Each structure stands twice: as C-alpha cells, then as structure tokens.
Amino acid sequence: MRVLNTIKDIRTITKEARRNGKSIGFIPTMGYLHEGHLSLVKKAREENDLVIVSIFVNPTQFGPGEDFDSYPRDLERDSKLVEDVGADIVFSPSVKEIYPSGCSTYVDTDGDITKRLCGASRPGHFKGVTTIVTKLFNIITPDRAYFGQKDAQQVAVIEQMVRDLCMDVDIVSCPIVREEDGLAMSSRNTYLGEEERKAAIILSKALSSAEEVIKEGERDASKVSELIVNKINSQPLSKIDYVEIVCDKTLEAIEEIKGGILIALAVKIGRTRLIDNVRLEVL
Ligand code: PAF
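Residues numbered from 1 in each chain as written. Predicted model: local features only at pLDDT ≥ 70, side-chain atom pairs only at ≥ 80, totals over all residues. Heavy atoms only, no water.

1. Some thoughts on the overall build of the chain
Then, in step 1: When helices and strands are counted, the chain shows 11 helices and 9 strands.
Then, in step 2: Relative to its length of 283 residues, the chain is compact, with a C-alpha radius of gyration of 19 Å against a globular reference of 19 Å.
Then, in step 3: Counting only C-alpha atoms and orienting by the principal axes, one finds that the chain spans roughly 55 × 40 × 40 Å.
Then, in step 4: Evaluated residue by residue, the chain yields a buried proportion of 52% over its 283 residues.
Then, in step 5: Contacts spanning at least 24 positions in sequence make up 73% of the contacts within the chain whose residues lie at least 6 apart.
Then, in step 6: On the chain, roughly 13800 Å² of surface is accessible, and the fraction owed to carbon and sulfur atoms is 48%.
Then, in step 7: On the chain, the mean spot of the 38 positive side-chain charges and the mean spot of the 45 negative ones are 4 Å from each other. (Helix = DSSP H or I, 4+ residues; strand = E, 2+ residues; numbered from the N terminus. Rg over C-alpha atoms; globule rule 2.2 N^0.38 Å. Buried < 20%, exposed > 50% of the residue type's maximum accessible area, 1.4 Å probe, protein only. Contact = heavy atoms within 4.5 Å. Areas by Shrake-Rupley, 256 points an atom, 1.4 Å probe, with all protein chains shown as cover. Lys, Arg positive; Asp, Glu negative; His and termini not counted. Charge placed at Lys NZ, Arg CZ, Asp CG, Glu CD.)

Here you go:
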C-alpha cells in the first residue's frame, strides 16, 4: 500500500487505473480510524479494483471554537489499519495542497437539508463538507464513494449535491458500527473520560426505547421525541443539542410516524458532542 500526499501523484495512479478500465472505490475520512471506517474500506474492497482512502482533517468544516486543532491525528496507525483491510492507496494531502492561497471557490448545498439538525448548531459545516468532498471527487474520480450512516445528514447532503451537480459517482451508505454496549463508533469517542464514556450509551439507549414504542404502535412523533428527551435528560452528564424525527430523504420534520423516517440526535456528554440516529421504515 502507498501513502501519497500530492494531487499530482494520486492523479498519476487514478489516470492509469482509468486507462486500464479499473473501477475506483473511495473512502473519504478525517482519520483516527475505527471499525466503522474499516467496514467502509472492506465494502469498497469487495466492489472495486482500486481502493483509495483519503485522510484529511478538513479545516473548512469546523466552526470557530470547534475541535479542528485537537482533532486526533495518527497517520501511521491509520495507514496500517487500512492496509490490513485491503486498501491500495492512502491520500493524505496537506491543507495547503487542498486549499492553496487565493483559493476562493466553495460548494454550498442550499435549503433545509443543510440548515436543520447539525446545520443549525454548526453553521457553515456542510459547506465545508460539500466543498472538500467535491474537491476529493475531482481529484480521485471514484466510481463509488463510501460513507457511514452515522452521519445520516451528511449522506443526505452529499446525495443531494451529487444529483444537483450531475456528478458521476455512486454514493454507498453503510450501516452504523457500534461498540458492544451500543455506543456508535466515532473518532470523537476518544475525547470521553471514563464516566463520560459510560454516560454516552444514553444516546443509543434512547434510540432503542424510541424504536420499541414505535414497534408497539406509537405514531405521534412529538410523544416519541418527548420520550427520547426525558431519557437523555435523566443522564446528568448529558446536554441535548437536538432530537429530531424527520423524513429520511428530505430531513423535513414530521408529525406522524409513517414511511421512511430518521430519528436523529446530537447530545453533548461533558464537552464532547456526539451524534447518533436510527432509520426506520414504518407501515
Ligand atoms: O465524515 C467525515 O469524516 C468528513 O465529514 C468527510 C466526509 C471525510 C469530509 O471531510
């Protein structure tokens, strides 16, 4: 496996792959990889000739006061992990390589899809995501790109962007990978202290309770939201950012639980903001 840092070098590889009729699978990441990321690499390995993983902590998707500087970074560890599950190339550019001085073009998907949920508490976040993902797609020219469903809103925004800009890439969304106790895997889980780590399972527990009452027949979204809010608030280390029940495609709020729905939440445990969600098909 090779680690490449420049656009020129990665393009030499991808152009040759294209000339030889090889398919390219791409997994964009910000590094500090866990089993969730590795599940994407494994899936890409099954479906493509060439598998490329990018590792780039993208400054434009972090707001002022967020954790860009402290975001965990360990390229050596990450490279070994993805090599073990069959990646061919790691692309790990510098910030200057991706955003050279004078760079002034951004990609911004408009509307509720980027303004609600995480977009409400992290203004500008999705503009940073769509900009970096567009740049990476232009550099790598993947046939398929793999994203984790834990970032359900990110997947919806990227799918919208791909449709709107007629991008020739299939977006493959893969299931959330969880720790044994239910906590959704995230690079940010490393911020949690011992007590916070225990407290953090309240997110998946609240989602499971919601799923249960829906299975038992509850169809009133506000009642299900209330149940989740009460459950999370019972954990003293937690502070809710949002709890939303929305249509899984448009991310518009719903009153009646019916069809494809997404229950999404963002909760601070101590100083660490965690997200989780569950997607359901309700008759
Ligand atoms: O999900 C992430 O890790 C990031 O948002 C992504 C897609 C790699 C863009 O920086």
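2. Considerations on the packing of aromatic side chains
Then, in step 1: This structure, assessed with the given rule, holds 4 aromatic pairs.
Then, in step 2: Where F56 meets Y99, the ring centres are 6.4 Å apart and the plane angle is 35°; that geometry is what we call tilted. Placement of F56 in the loop between strand 3 (50-55) and helix 3 (75-84) and of Y99 in the loop between helix 4 (95-98) and helix 5 (112-115) is noted, with a sequence separation of 43 residues between them. Y99 matches F56 in its accessibility class, with the two residues each being buried.
Then, in step 3: Note on F62 and F68: the rings are 5.4 Å apart at their centroids and 65° apart in plane angle, and the pair reads as edge-to-face.
Then, in step 4: We classify F62 as buried; its relative accessible area is 10%.
Then, in step 5: The structure contains a cluster of three or more aromatic residues connected by ring pairs, namely F62, F68 and Y71. (Phe/Tyr/Trp six-rings, centres within 6.5 Å; stacked < 30°, edge-to-face > 60°.)

3. Here we look at the side chain of R188
Then, in step 1: By the secondary structure assignment, R188 is in the loop between strand 6 (170-174) and helix 9 (194-199).
Then, in step 2: Setting aside its immediate chain neighbours within four residues, R188 contacts F62, D67, Y71, R122, T272 and R273.

4. Topic: unusual backbone geometry
Then, in step 1: For L117, which is not a glycine, the phi torsion comes out positive at approximately 45°.
Then, in step 2: With respect to the helices and strands, L117 occurs in the loop between helix 5 and helix 6 (118-121).
Then, in step 3: Not every positive phi belongs to a glycine, and C166 is a case in point at roughly 50°.
Then, in step 4: Following the sequence through the fold, C166 ends up in the loop between helix 8 (152-164) and strand 6.

5. Looking at the nonpolar core
Then, in step 1: I52, F91 and F137 are the most contacted members of the largest nonpolar core, which totals 31 residues.
Then, in step 2: Listing elements by their share of this core, those giving two or more residues are helix 1 (7-19), strand 2 (24-29), strand 3, strand 4 (89-91), helix 7 (125-140), strand 5 (144-148) and helix 8.
Then, in step 3: When sequence neighbours within four positions are dropped, the list of residues in contact with F137 reads F26, P142, A145, F147, V162, M167, V169 and I171. (Core = buried A, V, L, I, M, F, W, Y, C linked by side-chain atoms within 4.5 Å.)

6. Quick notes on the site of the ligand
Then, in step 1: For the ligand, the full set of nearby residues is P28, T29, M30, N58, Q61, I132, F147, D151 and Q154.
Then, in step 2: Q154 places a side-chain nitrogen or oxygen 2.7 Å from an oxygen atom of the ligand.
Then, in step 3: For the ligand, whose unbound accessible area comes to 290 Å², protein coverage reaches 89%.
Then, in step 4: Across the shell around the ligand, the residue classes break down as 4 nonpolar, 4 polar and 1 charged. (Near = heavy atom within 4 Å. Polar contact = N/O pair within 3.5 Å; in protein donor to acceptor, adjacent residues only side chain to side chain. Nonpolar A, V, L, I, M, F, W, Y, C, P; charged D, E, K, R; others polar.)

7. Here's the deal with the sheet that holds strand 3
Then, in step 1: An order of 1-4-3-2-5-6 is seen for the 6 strands of this open sheet, with the pairing classed as parallel. Of all strands in the sheet, those bounded by a partner on one side alone are strand 1 (2-4) and strand 6. Strand-to-strand twist across the sheet, computed as the mean angle between neighbouring axes with direction ignored, equals 25°.
Then, in step 2: Note that strand 1 and strand 4 share 3 bridges and pair parallel. When the bridges of strand 4 are listed, R2 appears paired with I89. (Pairing = 2+ DSSP bridges. Axes fitted to C-alpha atoms, helices over the stretch in contact; angles between N-to-C directions.)

8. Brief notes about the pairing of strand 2
Then, in step 1: Most of strand 2 is tucked away, with 6 of its 6 residues classed as buried.
Then, in step 2: Of the two faces of strand 2, both are covered, the one formed by I24, F26 and P28 as well as the one formed by G25, I27 and T29.
Then, in step 3: With 6 bridges joining them, strand 2 and strand 3 adopt parallel strand pairing. Its bridge partner lying in strand 3, P28 is registered against S54.
Then, in step 4: Following the chain from strand 2 across helix 2 (residues 35-47) to the adjacent parallel strand 3, one finds a crossover that is right-handed.
Then, in step 5: Alignment of strand 2 against strand 5, held across 2 bridges, turns out to be parallel. (Right-handed = clockwise from strand over helix to strand, strands pointing away.)

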